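# Analysis of the macromolecular model
Take a look at the letters that make up each chain.
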Amino acid sequence: MSDLNEIGERDHWRCWLCDKAVDPDASVNSDLGPSADGYAVAKGKKGSVAVERLAHRACNTMKGKNAPVVPWASELLVAEPAPIIETIERLKAKGGRELIGRCSSEADAEAAAEWLLDRLSRLAPETSFSTQINPGGGQYLLMLKAS
Ligand SMILES: [Zn+2]
């Protein structure tokens, strides 16, 4: 169990997929118990490496899910939100910036940007991200950039 404890400490006992607390004392056989989620990330030319992240047993990607999915917060008003993990992996590998969502008001775009940066500080703590809001065509485009 020492491995799981190490992963839990590093991820501050928070599930990397649903962003909710994981009880370190919960049974590893219960749905909300801790588990290590093996996750392959691209590492430039060297191919991919497996990184282990803390997940609830029920959230764990290895349980028959094809790819990890990090949901956007339901209270945000974002049209066409991009898949978060795929977008940040591309930005980490290639740099630049990408459109990650569209909002109909600047306030909605600011709320989404604030939520996203906070979420990414836990999801991908090794990379720093910034956001930019570009008005255009009566919408506010939320751009994400890896710096
Ligand atoms: Zn979870």
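Residues numbered from 1 in each chain as written. Predicted model: local features only at pLDDT ≥ 70, side-chain atom pairs only at ≥ 80, totals over all residues. Heavy atoms only, no water.

## Observations concerning the coordination of the zinc ion
Under the convention used in this document: Coordination here is defined by N, O and S atoms within 2.8 Å of the metal (3.2 Å for Na, K and Ca), and since water is not considered, a site can look incomplete. Each label reflects the angles at the metal, where four donors whose angles all fall between 85 and 135 degrees are tetrahedral, four or six donors whose opposite pairs open beyond 155 degrees and whose other angles stay between 65 and 115 are square planar or octahedral respectively, and the rest are irregular. Numbered from the N terminus, helices here are DSSP runs of H or I no shorter than four residues, and strands are runs of E no shorter than two. For every residue, the accessible area (1.4 Å probe, protein chains only) is compared with the maximum for its type, and the residue is labelled buried under 20%, exposed over 50%, or partly exposed between those bounds.
With distances of 2.0 to 2.4 Å, the protein atoms coordinating the zinc ion are Cys15 (SG), Cys18 (SG), His56 (ND1) and Cys59 (SG). One can describe the site at the zinc ion as tetrahedral: its four donor atoms subtend angles covering 98 to 117° at the metal. Along the chain, the residues donating to the zinc ion are arranged with the sequence spacing C-x2-C-x37-H-x2-C. Highlighted residues: Cys18 in the loop between helix H1 (2-10) and strand E1 (34-42) and His56 in strand E2 (residues 48-56), separated in sequence by 38 residues. On the accessibility criterion, Cys18 (23% relative accessible area) is partly exposed.

## Focus: the domain arrangement of the protein
The test is simple: Either an automatic procedure or a domain database provided the assignment from which the domain bounds are taken. Here a residue-residue contact requires only that any non-hydrogen atoms of the pair lie within 4.5 Å. Here the quantity called buried area is the accessible surface, traced with a 1.4 Å probe, that two parts lose on coming together, added over both.
By domain assignment, the protein separates into domain 1 (2-56) and domain 2 (84-146). For domain 1 versus domain 2, the separation of C-alpha centres amounts to 24 Å. Tallying the contact residues gives ten residues for domain 1 and six residues for domain 2. Together, the buried faces of domain 1 and domain 2 total about 650 Å²; carbon and sulfur atoms form 42% of this surface.

## Comments concerning the pattern of salt bridges
Quick note on the threshold: Basic side-chain nitrogens of Lys or Arg form a salt bridge, by our definition, when they fall within 4 Å of a carboxyl oxygen of Asp or Glu.
One pass over the structure, following the stated rule, counts eleven salt bridges. Residues Arg90 and Glu98 are paired through a salt bridge, measuring 2.8 Å at the closest nitrogen-oxygen approach. As a salt-bridge pair, Lys92 and Glu126 come within 2.8 Å of each other at their nearest N and O atoms. In this pair, Lys92 sits in helix H2 (residues 84-94) while Glu126 sits in the loop between helix H3 (106-123) and strand E4 (129-136), placing the two residues 34 residues apart along the sequence. Classification of Lys92 by relative accessible area gives partly exposed; the value is 30%. Taken together, the shared-partner salt bridges in this structure form one network comprising Arg14, Asp19, Asp118, Arg119 and Arg122.

## Some words on the environment of Arg119
Here Arg119 is to be found in helix H3. The exposure class assigned to Arg119 is buried, which follows from its relative accessible area of 3%. As for Arg119 and Asp19, which are separated by 100 residues in sequence, their C-alpha atoms are 7.9 Å apart. With sequence-adjacent residues up to four places away left out, Arg119 is seen in contact with Cys15, Trp16, Leu17, Cys18, Asp19 and Val70.

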